[in-house]
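Structural overview
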Amino acid sequence: LHTAPLIEGLKSEKYDIIFGSYVENEPLVQFIPIIHQDMVIITPWDHPLARRGKATLQDLAEYPVIGYDRTSGLGKYTRRLYGIHGLAPDIICESPDENAISALVEEAFGIALVADVEEIHERNVHILKVEDENLVHTVYMAYLKDRYMIPAVKNFISCSFTHLSPPTKRIVGVFGGARSILKRNNECQPASVPCIRDLVLVYSTYPSFRVIHSHAV
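This structure is a prediction, so every number in the text was calculated from the model and none was measured. (Residues numbered from 1 in each chain as written. Predicted model: local features only at pLDDT ≥ 70, side-chain atom pairs only at ≥ 80, totals over all residues. Heavy atoms only, no water.)

The next subject is the overall build of the chain. Counting secondary structure elements, the chain contains 6 helices and 11 strands. Every one of the 217 residues in the chain was classed for burial, and the buried ones make up 49%. (Helix = DSSP H or I, 4+ residues; strand = E, 2+ residues; numbered from the N terminus. Buried < 20%, exposed > 50% of the residue type's maximum accessible area, 1.4 Å probe, protein only.)

This brings us to the side chain of aspartate 59. Along the chain, aspartate 59 falls in the loop between helix H2 (48-52) and strand S3 (65-68). A polar side-chain atom of aspartate 59 sits 2.5 Å from a polar atom in the side chain of arginine 52. Residues contacting aspartate 59, with those up to four places away along its chain left out, are Leu49, Arg52, Lys54 and Ile111. (Polar contact = N/O pair within 3.5 Å; in protein donor to acceptor, adjacent residues only side chain to side chain. Contact = heavy atoms within 4.5 Å.)

Take the pairing of strand S7 (residues 136-144) next. Residues in a regular strand project their side chains so that they alternate between the two faces of the sheet. The buried count for S7 comes to 8 of 9 residues, which makes it a mostly enclosed element. As paired strands, strand S1 (residues 18-20) and S7 are joined by 3 bridges and run antiparallel to one another. When the bridges of S7 are listed, isoleucine 18 appears paired with alanine 142. (Pairing = 2+ DSSP bridges.)

With that out of the way, let us pick up the layout of surface pockets. Reported here for the largest pocket is a volume of approximately 370 Å³. Mapped onto the lining of the largest pocket, the elements with two or more residues apiece are helix H1 (3-11), helix H3 (73-84) and S7. Classifying every residue of the lining of the largest pocket gives 7 nonpolar, 8 polar and 4 charged. (1 Å grid on protein atoms, 1.4 Å probe; cavity = no way out; pocket = protein on both sides within 12 Å on 5 of 7 lines; lining within 4 Å. Points joined across faces, edges and corners; volume = space filled by probe spheres on them. Nonpolar A, V, L, I, M, F, W, Y, C, P; charged D, E, K, R; others polar.)

Along the chain, the position of tyrosine 68 falls in strand S3. In this structure the side chain of tyrosine 68 is engaged in a polar contact, spanning 3.0 Å, whose partner is the backbone nitrogen of alanine 115.

Let us look at H3. One turn of the α-helix equals 3.6 residues, which is why residues spaced by three or four share an orientation. With 12 residues, H3 extends 17 Å from end C-alpha to end C-alpha; this agrees with the ideal 16 Å at 1.5 Å per step. Taken together, the buried positions of H3 are occupied by Gly73, Leu74, Gly75, Tyr77, Thr78, Leu81 and Tyr82. Of the surrounding secondary structure, the elements contacted by the buried residues of H3 are strand S2 (29-44), S3, strand S4 (91-95), helix H4 (98-106), strand S5 (112-115) and S7. Following H3 by one or two positions, glycine 86 adopts a phi angle in the positive range, close to 65°. (Expected span 1.5 Å × (residues − 1).)

Taken as a whole, this structure holds 4 aromatic pairs when the rule is applied. Between phenylalanine 31 and tyrosine 140, the ring centres sit 6.2 Å apart and the planes meet at 90°, which makes this aromatic pair edge-to-face. In this pair, phenylalanine 31 sits in strand S2 while tyrosine 140 sits in strand S7, placing the two residues 109 residues apart along the sequence. With a relative accessible area of 19%, tyrosine 140 lands in the buried category. Of the aromatic side chains, those joined through ring pairs into one cluster are Tyr22, Phe31 and Tyr140. (Phe/Tyr/Trp six-rings, centres within 6.5 Å; stacked < 30°, edge-to-face > 60°.)

The next subject is empty space enclosed by the protein. Enumeration over the complete set of coordinates arrives at 2 cavities of 30 Å³ or more. If you add up the space inside the largest cavity, you get close to 60 Å³. Taken together, Ile66, Gly67, Tyr68, Gly75, Thr78, Arg79, Tyr82, Ile91, Glu94 and Leu113 form the lining of the largest cavity. Examining the composition of the lining of the largest cavity, we find that 4 residues originate from one element, H3, more than from any other. In the lining of the largest cavity, the residues fall into 5 nonpolar, 3 polar and 2 charged. Size it by volume and the second largest cavity reaches roughly 30 Å³. Surrounding the second largest cavity, Asp16, Tyr143, Leu144, Arg147 and Met149 form its lining.

Set out below in structure tokens:
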């Protein structure tokens, strides 16, 4: 699931809390920034940019590009970024997340502008900082503003504020790096999840919770 259907899930009371990108014109939803992700360019191992050792945003216009699904938060973010800078990259295909994108880059189908998350470090790709721009994507925690919250949900939000204020670039520890902080019986406790990008929480009865469905933000 991408951010848009997760927002709809919030409003239909399917979810209590979601994590994803910021969505404009959603007055009923409270968005809280929790993690800043640097955006980087990844290339195949034997690529001119890899040999050069650095990359700029303009370089994305010179080679085939693997893009995010255009309906995802990061898909909209990257396309908006290209428009602001007057770029028209040759996006040869779209993929749902960094795992799929980096797999295609590893096989030399193209290069990509992606969030610097754990998955890309597990691939045989070069990870290059964008030299001419400081590009950051923010992951938000979101919930309905005027909806009744059971204690488990309130405790989770409170615990998140305690550990993630101000927003951090650290993916290892509180969220991501296969760990998350949940609050159960008034105590913050770790719970294993794939990474922050894959976390959706649904609470049924206090203090139980379940983690469901992965999504790309």
